[in-house]
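One-letter residues, chain by chain:
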Amino acid sequence: MTPRFVIPKRQPAWLRPARVIACLAALVVADHAGAAAARNERRIESIESRTAGAPLMAIISLRSQRITVYDADGWILRAPVSSGQKGRETPAGIFSVIQKEAEHYSNLYDDAYMPHMQRITWSGIALHGGPLPGHAASHGCVRLPYDFAARLFDATRLGMRVIVAPGDVAPVEIAHPALLAPKPGAAALAATRAAEADEATRKADQARLAATKAARDAARAMMPVRTAENLKPKAQAQLAAAEAALAAASDDAKAQAEDARQKAAARLADVEAQLAAAKAELQPNVDAAAAAREALAAAEAARGAAVQASREAARELEPVSVFISRKTQRLYVRRAFQPVLESPVEIKDADRPIGTHLFTAMARTNRDTDMRWSVVSLDGDGGAKSALDRIVIPQDVLDRIAGMASPRSSLIVSDEELSRETGTGTDFVVLMSGEPQGGIKFRRRAPAMEARYGRRTPWGFPFAGGYSRWW
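Residues numbered from 1 in each chain as written. Predicted model: local features only at pLDDT ≥ 70, side-chain atom pairs only at ≥ 80, totals over all residues. Heavy atoms only, no water.

When you look at the pattern of salt bridges in this model, what are you seeing that I'm missing?
Side chains that differ in charge, positive against negative, can pair when their charged atoms come close. In the structure shown here, the tally under the stated rule is 21 salt bridges. Residues Arg 400 and Asp 396 are paired through a salt bridge, measuring 3.4 Å at the closest nitrogen-oxygen approach. Taken together, the residues Arg 400 and Asp 396, both in helix 6 (residues 395-401) and four residues apart, mark about one turn of the helix. Ionic contacts of the salt-bridge type, sharing partners, join the residues Asp 205, Arg 208, Glu 300 and Arg 303 into one network. (Salt bridge = Lys/Arg side-chain N within 4 Å of Asp/Glu carboxyl O. Helix = DSSP H or I, 4+ residues; strand = E, 2+ residues; numbered from the N terminus.)

Whenever I open this one, unusual backbone geometry confuses me. Can you help?
With glycine set apart, most residues show a phi of negative sign, and most peptide bonds adopt trans. If you check the backbone angles, Ala 336 has positive phi at about 55° while not being a glycine. Assignment of secondary structure puts Ala 336 in the loop between strand 13 (330-335) and strand 14 (338-344). At Phe 337, a residue that is not glycine, the phi angle is positive and equals roughly 70°. The exposure class of Phe 337 is buried, given its relative accessible area of 17%. (Buried < 20%, exposed > 50% of the residue type's maximum accessible area, 1.4 Å probe, protein only.)

I'm lost on the packing of helix 3 (residues 186-248) against helix 4 (residues 254-315) in this one. Help?
A pair of packed helices is captured by two measures, namely the crossing angle of their axes and the spacing between those axes. Viewed as axis vectors pointing N to C, helix 3 and helix 4 meet at an angle of 165°, and their least axial separation amounts to 5 Å. Here helix 3 is positioned roughly antiparallel relative to helix 4, judged by the angle of their axes. The way helix 3 lies across helix 4 gives a crossing that is left-handed. Within the contact of helix 3 with helix 4, the residues separate by chemical class into 45 nonpolar, six polar and 16 charged. (Axes fitted to C-alpha atoms, helices over the stretch in contact; angles between N-to-C directions. Parallel < 35°, antiparallel > 145°, perpendicular 65-115°, else oblique. Left-handed = near helix turned anticlockwise from the far one by under 90°. Nonpolar A, V, L, I, M, F, W, Y, C, P; charged D, E, K, R; others polar.)

Would you take a moment to explain the environment of Ala 79 for this structure?
Among the structural elements, Ala 79 can be located in strand 4 (residues 74-80). Residue classification places Ala 79 among the buried positions, given a relative accessible area of 0%. On a C-alpha basis, the gap between Ala 79 and Ile 44 in space is 4.4 Å, while along the polypeptide they are 35 residues apart. In this structure Ala 79 touches Ile 44, Gln 65, Arg 66, Ile 67, Pro 145 and Phe 148, once residues within four positions along its chain are discounted. (Contact = heavy atoms within 4.5 Å.)

Structural data, given as structure tokens:
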């Protein structure tokens with residue numbers, strides 16, 4: 001279950017005195033729409049013929065005002081929606097969930113309550129619970145039935161693809177040589193590295209306990225040494241005093257002074273014997289503590305290396321996103337919302353439209369050596385394979401991205417360029433330029449967001465070329 005990112009609860013806007021009159025008017029409208037909303041709530045569907053998997057994508061049809069959620073084996077949830085009204089239309093395109101808040105209030109529209117908000121653009125387009133009057137009525141967001149919004153919120157994770165299509169489209173399976181293949185053995189290697197990291201962590205914990213015990217034993221063995229060391233100066237002083245008294249004693253007192261000197265010498269000898277014995281007993285404990293510290297340092301180093309190896313192996317399983325634009329004749333790669341690579345590509349017959357297609361890696365097959373893919377063509381032309389046939393990727397780029405595919409990875413091929421909504425903390429955002437975008441144009445934009453594709457990634461892959469930016 002995906003954790004909810006909850007903001008502090010505050011007093012709803014409708015309870016604030018300055019807004020009571022406006023809210024009363026809104027209640028009248030809400031009552032009028034209540035019957036339609038109730039009917040829409042009853043139209044929620046869920047798959048019952050099989051166990052549903054984790055959602056991979058959500059497709060919103062603006063024409064049908066409906067959302068359909070898919071896992072790797074087909075649709076699992078359906079519900080009505082209410083998208084942006086005329087002039088503030090929800091833009092058609094390809095998005096992903098970039099933020100989740102269980103309790104959200106709009107900072108654009110009078111603190112409007114947007115429960116179970118799942119943001120798909122930083123400029124404010126989101127999926128959230130809300131009233132459904134039976135037609136497009138929002139300011140650009142996609143309203144969902146309240147119960148459905150809560151259910152979807154709990155099922156999704158950051159990065160889930162959200163497709164807003166002008167018409168009714170659905171994913172279909174596709175196979176093509178251009179689609180990325182998984183790295184053989186990556187899943188098994190990640191599991192092995194994770195087990196090694198767990199074992200190394202267990203050993204480091206044991207070494208820490210052993211080092212703590214050895215240090216405690218050494219400290220305990222040090223106490224007799226400290227005691228003897230504290231007694232020795234006093235015994236030495238007593239012997240010195242007895243020797244001085246003997247030297248100054250009269251003949252009659254010499255026997256008594258000699259007896260006192262001998263007793264002082266015996267006490268000093270006893271203290272020195274205690275000190276020698278205590279030090280002899282201490283030394284093995286000191287040696288054991290030193291050895292335990294060295295073992296702990298080695299175990300911690302091994303743990304750090306194993307954890308790092310586990311993270312790198314797990315990173316190989318993280319979904320990768322590839323975007324190819326006919327307009328810019330370029331290829332971009334992102335992983336975990338971070339830019340990885342940019343490169344020029346060739347698209348044959350570049351003056352001829354190629355469409356907008358989202359290819360999604362659904363699941364590993366054939367013992368993890370192959371990948372099952374689906375495609376959604378937003379314009380519904382079904383030309384996905386011909387679009388792939390027209391793309392020529394440089395061999396060095398193919399070598400760099402070979403084996404990077406994992407379930408949830410995606411490839412977007414489009415006539416469009418990257419939307420300026422693509423930026424820090426987002427996956428690729430692609431808007432269909434031929435469709436209304438009032439919901440985007442009407443909103444205030446956040447400060448410019450920059451995405452850089454450098455010569456090295458955090459994972460150490462060298463890439464040619466300079467930097468590019470968009471926002």
